[in-house]
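Observations on chain architecture
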Amino acid sequence: MFEASKTQSDVDVLIVGGGPTGMMAACELLRRGVRVRIIDRAPEASPFPKALLLWPRTLDLLEDLGVLGAAREAALQINAFSYFSDREPLATFEFGEDLAPLCLPQSSTERVIADRLHELGGKVERGVRLLCFDGMDFSGRIDATDGVTAVLEHADGRIERTRVPFVIGADGAGSAVRGQIGTGFNGSTYETAFALVDAKIEGELPPDQALYYQSPKGALVIVALPDGVFRFFSSLAPGEQVSVERMQEIVDERGPQGVTIGEPVWQSVFRVHARHAGDFQLGRVFLIGDAAHVHSPAGGQGLNTGLQDAHNLAWKLAAVLHREAPSDLLLSYGPERSAVAQRVVRDTDIQTRAWLAKTPAKVLARDAAFKVADRSGIFSKLYGPVMAGRRLSYPPVRETQLPAGQTLCKVRSQLPGGLKVGAVLPRPLAIAAGLAGPGTDPLNWTVAVLPGGDPKWLAEVERLAAERPQVRVVRLPRSRAAKHTGCGQPGFYLVRPDGHVAAHGHARDTQRLAAELTAVLGPVAEVPAELSDAA
């Protein structure tokens, strides 16, 4: 009888799936000193360009990882989205420099991250697939067990059993990891199929825009790619197949005049889904990327959401594995990222249904909405920052995360552009204070203080931070901080390792800061009496 080989794991985290999201998780773990193993059932990396857009919040993460320069060299910047109805211009939404996405085909993004993975000492083991988890604990409690036993199959047929403390499923929409933890994949599939053709052209198209041609006959999207290639993305009638000839007919019928599609670089037909996992975590097993959520490509959010999943989870795993935070910290991953995924699924569904509007009433309502957004500047003020990831926030779950009493900054935080607790500390402020950017400590928690008033409160903040080696204090110029945060009172922002504001308070709120440090990092370790006496 064949017996599987057994391995004593020398890693902390097994990542199933070696695409860009899995490799991003690996990079973030490795640079935090966590031992990682990545497996992928495919014999080689996917050559297909698939996802295209990288939005500014994702670019921040790439900058912190040290690969933004390489990404920019290979990409082009998209400076505007232009919308049409039956070929008539509806609206053009321009992106400022701080909101503009990069267009970088997924295969190129994958290469950029893979290069960094190799620099950090990681690699993807290809031709290895997950068969099952043996003796899986379904209680959902992290402390119910010391790890997960994964049964793996190698390309030569060898079966391996390995036990690891944690597993991350980054293995796509058909996730084996998701199947093993038994969670659903809730949502729907659009009835309409979509065709995609990437090709160079004869004719003129803007080299830095995405064009959206909407008509009752169907949608056509054209996006500029690097190296003079354009993506043509269109809805298809039932039973139709993709071809350059058919896409050319669609362009001639619905799109810009005088454009001829050349030899295709890539073409595909696919169905679009709007789904998310019922649970993003079961005990020591986590889902990220397409394993956790899939949705329409409208707005180009898919890969961004997955890379941000990886970033959110990695620092938490590192903190727990280094015993710098209690395991309960990991319970925040699912609620935080599930809420984001559900919002992305909802927003992209709305956009996709607007593309496909057919009845005169729906077309009229859609066109009127675009015209109002264009003339009023609503897009640049409200929706542009949302697409860019600048308004991403995780709602507070404890009262101590907020200032005590009724404060003006609480009101301001509810207005567009106001800094909410749970949002990312504004990038310019974080960079200037040394909280973000290449070379910053990826494990540090930071208490960013706005000095002023009675110095006793600041001394108390310093004392609270000194009790924990993973917490540092930095001082922010109040005028500069007020410009970016909307609050210039003496006080503090507790900033997580991923740049999100975990808590905000004023000079009178040091007890709230103490409560938050305990909530996220656990109680301060007591010094043994004999060591205390020796000191």
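Keep in mind that what you see is a predicted model, and the values were worked out from it rather than measured. (Residues numbered from 1 in each chain as written. Predicted model: local features only at pLDDT ≥ 70, side-chain atom pairs only at ≥ 80, totals over all residues. Heavy atoms only, no water.)

To continue, consider a nonpolar patch on the surface. A surface patch of nonpolar side chains, about 230 Å² in accessible area, is lined by Val372, Ile378 and Leu382. The residue Leu382 is located in helix α10 (residues 378-388) in this model. Note on Leu382: relative accessible area 37%, which makes it partly exposed. (Patch = residues over 30% accessible without salt bridge, like charges linked within 9 Å, V, L, I, M, F, W, Y side chains within 5 Å. Areas by Shrake-Rupley, 256 points an atom, 1.4 Å probe, with all protein chains shown as cover. Salt bridge = Lys/Arg side-chain N within 4 Å of Asp/Glu carboxyl O. Helix = DSSP H or I, 4+ residues; strand = E, 2+ residues; numbered from the N terminus. Buried < 20%, exposed > 50% of the residue type's maximum accessible area, 1.4 Å probe, protein only.)

Looking now at the sheet that holds strand β4 (residues 53-54). Spatially, three strands are ordered β4-β8-β5 in an open sheet, and the strand pairing comes out antiparallel. Both edges of this open sheet fall to β4 and β5 (76-77), since each of them pairs with a single strand only. (Pairing = 2+ DSSP bridges.)

Tracing the sequence through the fold places Leu120 in the loop between α4 (106-119) and β9 (124-126). We classify Leu120 as partly exposed; its relative accessible area is 23%. Residues within four places of Leu120 in sequence aside, it is in contact with Cys27, Leu30 and Arg31. (Contact = heavy atoms within 4.5 Å.)

Moving on, we come to the pattern of salt bridges. Overall, the coordinates contain 33 salt bridges when judged by the stated rule. Arg31 is paired through a salt bridge with Glu28; the nearest N and O atoms lie 3.0 Å apart. Owing to a relative accessible area of 0%, Glu28 belongs among the buried residues under this scheme. Where salt bridges share partners, they join Arg57, Asp60, Glu63, Asp64, Arg390 and Arg427 into one cluster.

This brings us to the sheet that holds β9. Read from one edge to the other, the open sheet built from six strands follows the order β9-β3-β2-β13-β20-β19, with strand pairing classed as mixed. The strands lining the two open edges of the sheet, one partner per strand, are β9 and β19 (281-282). Of the pairings in the sheet, the one linking strand β2 (residues 13-16) to strand β3 (residues 36-40) comprises four bridges and is parallel in character. Bridge pairing in β3 links Val13 to Val36. With respect to the sheet, helix α1 (residues 20-30) is in contact with β2, β3, β9 and β13 (166-169), its orientation differing from that of β2 by roughly 160°. (Axes fitted to C-alpha atoms, helices over the stretch in contact; angles between N-to-C directions.)

On to the packing of aromatic side chains, then. For any two aromatic rings, the description comes down to two numbers: the centre-to-centre distance and the angle of the planes. Per the counting criterion, the structure on display carries 18 aromatic pairs. With centroids separated by 4.3 Å and ring planes inclined at 5°, the aromatic side chains of Phe84 and Tyr213 adopt a geometry described as stacked. With a gap of 129 residues between them, Phe84 in strand β6 (residues 80-85) and Tyr213 in strand β15 (residues 209-215) connect regions that are remote in the sequence. Taking relative accessible area as the criterion, Phe84 reaches 13% and is therefore assigned buried. In this structure an aromatic cluster arises from ring pairing among Trp55, Phe81, Tyr83, Phe93, Phe95, Phe194, Tyr212, Phe233, Phe270, Trp355 and Phe370. Stacked on the ring of Phe185, the Lys or Arg Arg178 has its end atom at 3.7 Å from the ring centre. For Arg284, the ring lying beneath its charged end belongs to Phe166, and the centroid distance is 4.8 Å. (Phe/Tyr/Trp six-rings, centres within 6.5 Å; stacked < 30°, edge-to-face > 60°. Lys NZ or Arg CZ within 6 Å of the ring centre and 35° of its normal.)

Strand direction decides the pairing type here: strand β11 (residues 148-153) and strand β12 (residues 159-164), joined by six bridges, are antiparallel. Counterpart to Thr149 in the pairing with β12 is Arg163.

Here β3 lies mainly inside the structure; five of its five residues are buried. A two-sided burial pattern is seen for β3, the buried positions comprising Val36, Ile38 and Asp40 on one face and Arg37 and Ile39 on the other. Tracing the backbone out of β2, into α1 and back to the parallel element β3 gives a crossover that is right-handed. (Right-handed = clockwise from strand over helix to strand, strands pointing away.)

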